[in-house]
Amino acid sequence: MITLSKKRKQVIAVTAIALVLIVTLPCVAYAESPSTSSTESNWGTRLLGARGIAVEKIDDQAIVTQANFKLILKPTEVNATIIKFNVISGTVQVNGTSYTITSGNGAVIRDKHAFLLQVEGTGPSSEPITLKLAGRYFWMWGHLYVARIAGLLQSDNAKTLLLLRAAIRV
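Residues numbered from 1 in each chain as written. Predicted model: local features only at pLDDT ≥ 70, side-chain atom pairs only at ≥ 80, totals over all residues. Heavy atoms only, no water.

Visitor: When you look at a nonpolar patch on the surface in this model, what are you seeing that I'm missing?
Guide: The grouping of Ile53, Val64, Leu161 and Leu163 at the surface amounts to a nonpolar patch, some 310 Å² of accessible area in total. With respect to the helices and strands, the residue Val64 is situated in strand S2 (residues 61-78). (Patch = residues over 30% accessible without salt bridge, like charges linked within 9 Å, V, L, I, M, F, W, Y side chains within 5 Å. Areas by Shrake-Rupley, 256 points an atom, 1.4 Å probe, with all protein chains shown as cover. Salt bridge = Lys/Arg side-chain N within 4 Å of Asp/Glu carboxyl O. Helix = DSSP H or I, 4+ residues; strand = E, 2+ residues; numbered from the N terminus.)

In structure tokens:
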């Protein structure tokens, strides 16, 4: 019979918890660089993909639906503490409704492991929309980063809260 010391039991427990957390992380869409024929035109561009839920309040009742987005980002200024970027294009889907993103900008604050993003676009009936996102990112080995994001999708007649998980390869 094998007797385990208290220290070995703690090491085994911590290892088991770490393995469970790694395995149970939700599937997030892998983010890749957009493929185009010209390597010069896509230098530095990244695809940020996210999935999660959207919460909309209608008649004092919270309605929860699925939400996701894909945004193409291009860095404009990179230094030791902040990365600024422009949003070239993208799509946001909330409960099957697609919104087209036309422009936007944002920043990554490296020492806080946070980012901010504001984009503008149009809805299915050409109404203007604004998407504001804030999140914290985490390094997931190699060139993969994941993030937890809270956001607000505003149109003329509605505001929708977004809670998402995202991934990007850098």
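Visitor: For this particular structure, what's the right way to read the pairing of strand S3 (residues 82-94)?
Guide: On a regular strand, one side chain projects to one face of the sheet and the next to the other, so that they alternate. Looking at chain direction, S2 and S3 are connected through eleven bridges and run antiparallel. Considered in S3, the bridge of Val78 is made with Ile83. Counting the residues between successive antiparallel strands, the hairpin from S2 to S3 contains three residues. Inspection of the sheet shows S3 paired to strand S4 (residues 97-109) by eleven bridges, in the antiparallel sense. Across the sheet, the residue bridging to Gln93 is Ser98, located in S4. If you look at the hairpin formed by S3 and S4, you'll find two residues sitting between the two strands, and Asn95 has a positive phi there, around 55°. (Pairing = 2+ DSSP bridges.)

Visitor: Sorry if this is basic, but what is going on with the nonpolar core here?
Guide: Note on soluble globular proteins: their nonpolar side chains tend to be buried together. Of all hydrophobic cores here, the largest spans 29 residues; its most connected members are Phe69, Val87, Val94, Ile149 and Leu162. For this core, the secondary structure elements donating two or more residues are strand S1 (46-58), S2, S3, S4, strand S5 (114-122), strand S6 (128-139), strand S7 (144-154) and strand S8 (159-169). Considering every element that reaches this core, the biggest residue donor is S3, with five residues. Ignoring sequence-local partners within four residues, the contact set of Leu162 consists of Ile53, Ala54, Ala67, Val94, Leu131, Ile149, Ala150, Gly151 and Leu153. (Core = buried A, V, L, I, M, F, W, Y, C linked by side-chain atoms within 4.5 Å. Buried < 20%, exposed > 50% of the residue type's maximum accessible area, 1.4 Å probe, protein only. Contact = heavy atoms within 4.5 Å.)

Visitor: It is not clear to me how the pairing of S4 should be interpreted in this structure. Could you clarify?
Guide: Relative to S5, S4 runs antiparallel, the two being bridged by nine bridges. By the bridge assignment for S5, Ile101 is matched with Gly121. The antiparallel hairpin formed by S4 and S5 contains four residues in its connecting segment, where His113 sits at a positive phi of about 55°.

Visitor: I would appreciate a short explanation of the packing of aromatic side chains in the present structure.
Guide: Given two aromatic rings, their pairing is described by the distance between the two centres and the angle made by the two planes. The full count for this structure, using the stated rule, is one aromatic pair. A ring pair is formed by Tyr137 and Tyr145, whose centres lie 5.8 Å apart and whose planes are at 70°; its orientation type is edge-to-face. For Tyr145, a relative accessible area of 26% translates into the label partly exposed. (Phe/Tyr/Trp six-rings, centres within 6.5 Å; stacked < 30°, edge-to-face > 60°.)

Visitor: How should the pattern of salt bridges be read in this particular structure?
Guide: It is possible for side chains bearing opposite charge to pair when their charged atoms get close. Applying the stated rule across the entire model yields one salt bridge. Here Lys84 makes a salt bridge to Glu77, at a shortest N to O gap of 3.9 Å.

Visitor: Would you mind showing me how to read the sheet that holds S8 here?
Guide: Strands in a sheet are paired, the pairing made by backbone hydrogen bonds, and the direction either parallel or antiparallel. With antiparallel pairing, eight strands are arranged side by side around a closed barrel as S1-S2-S3-S4-S5-S6-S7-S8. Along the sheet, successive strands turn relative to each other by an average axial angle of 25°, direction set aside. (Axes fitted to C-alpha atoms, helices over the stretch in contact; angles between N-to-C directions.)

Visitor: Please explain unusual backbone geometry as it appears in this structure.
Guide: Among all residues except glycine, the phi angle is most often negative; among peptide bonds, the trans geometry is most common. One non-glycine residue, Asp60, adopts positive backbone phi at about 60°. Along the polypeptide, Asp60 turns up in the loop between S1 and S2.

Visitor: When you look at the environment of Ile88 in this model, what are you seeing that I'm missing?
Guide: With respect to the helices and strands, Ile88 occurs in strand S3. Note on Ile88: relative accessible area 41%, which makes it partly exposed. Here the alpha-carbon distance between Ile88 and Thr102, two residues 14 residues apart in the chain, equals 6.8 Å. Filtering out sequence-adjacent residues up to four positions away, Ile88 remains in contact with Thr45, Ile72, Lys74 and Thr102.

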